[in-house]
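Notes for the structure review
As a plain string of letters, each chain reads:
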Amino acid sequence: QMHHYYSKFMRECPSGQLSLHEFKKLLDLQGLDPQGDLYIKRVFDIFDLNQDGFIDFLEFIAAINLVIRGKIDQKLKWYFKLYDADGNGCIDKKELLSIFR
């Protein structure tokens, strides 16, 4: 199964590094409204574990593993990190309103 994911990743991203633009294209998420675009950027940034502006294969597998096999507490921590836009450890009123929008 790992070989399948690696082949698909390399077919979609021959450089081995997925940029934000390629990430949106891979997920067919181009042309979103500004709020949706911000959300996708946040997802990308969380998957980009080393914060180099790209998602490499190991980061991609870590993300897939979380989505497919992650335990509920791991998923909840990930969602919290996603919605805590300023990274201060709290979801404030502004961030909560953003979630509801």
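Quick caveat: nothing in here was measured; it's all calculated off a predicted structure.

Conventions used here
Residues numbered from 1 in each chain as written. Predicted model: local features only at pLDDT ≥ 70, side-chain atom pairs only at ≥ 80, totals over all residues. Heavy atoms only, no water. Patch = residues over 30% accessible without salt bridge, like charges linked within 9 Å, V, L, I, M, F, W, Y side chains within 5 Å. Areas by Shrake-Rupley, 256 points an atom, 1.4 Å probe, with all protein chains shown as cover. Salt bridge = Lys/Arg side-chain N within 4 Å of Asp/Glu carboxyl O. Helix = DSSP H or I, 4+ residues; strand = E, 2+ residues; numbered from the N terminus. Buried < 20%, exposed > 50% of the residue type's maximum accessible area, 1.4 Å probe, protein only. Contact = heavy atoms within 4.5 Å. Domains from an automatic or database assignment. Buried area = accessible area lost by both parts, 1.4 Å probe. Core = buried A, V, L, I, M, F, W, Y, C linked by side-chain atoms within 4.5 Å.

On the surface, F80, I91, L96, L97, I99 and F100 cluster together into a nonpolar patch covering about 530 Å² of accessible area. Looking at the element boundaries, I91 is found in the loop between α5 (72–83) and α6 (93–100).

Attention shifts here to the side chain of S19. The residue S19 is located in the loop between β1 (17–18) and α2 (20–26) in this model. Judged by relative accessible area, which is 17%, S19 ranks as buried. Excluding residues that lie within four positions of it along the chain, S19 makes contacts with F44, G53 and F54.

It is worth spelling out unusual backbone geometry at this point. Note on backbone geometry: most residues besides glycine have negative phi, and most peptide bonds are trans. The phi dihedral of Q51 falls on the positive side, at around 55°, and the residue is not glycine. On the basis of relative accessible area, Q51 is assigned to the exposed category, the value being 54%.

Attention now goes to the domain arrangement of the chain. Along its sequence, the chain is organised into domain 1 (1–69) and domain 2 (71–100). If you average the C-alpha positions of domain 1 and of domain 2, the two centres end up 20 Å apart. Counting residues at the interface gives 9 residues for domain 1, matched by 10 residues for domain 2. Surface buried jointly by domain 1 and domain 2 totals about 890 Å² across both partners, of which 61% is contributed by carbon and sulfur atoms. For the domain 1 face of the interface with domain 2, the top three residues by lost area are R42, I46 and L66, together amounting to 58%. For the pair domain 1 and domain 2, the number of links is 0 salt bridges.

Our next topic: the nonpolar core. The biggest cluster of nonpolar side chains holds 18 residues, and the ones touching the most others in it are F23, F47, I55 and W78. Mapped onto this core, the elements with two or more residues apiece are α1 (2–12), α3 (34–47), α4 (57–69) and α5. For I55, the residues in contact, after removing those within four places along its chain, are F9, G16, Q17, L18, F23, F44, F47, D48 and F60.

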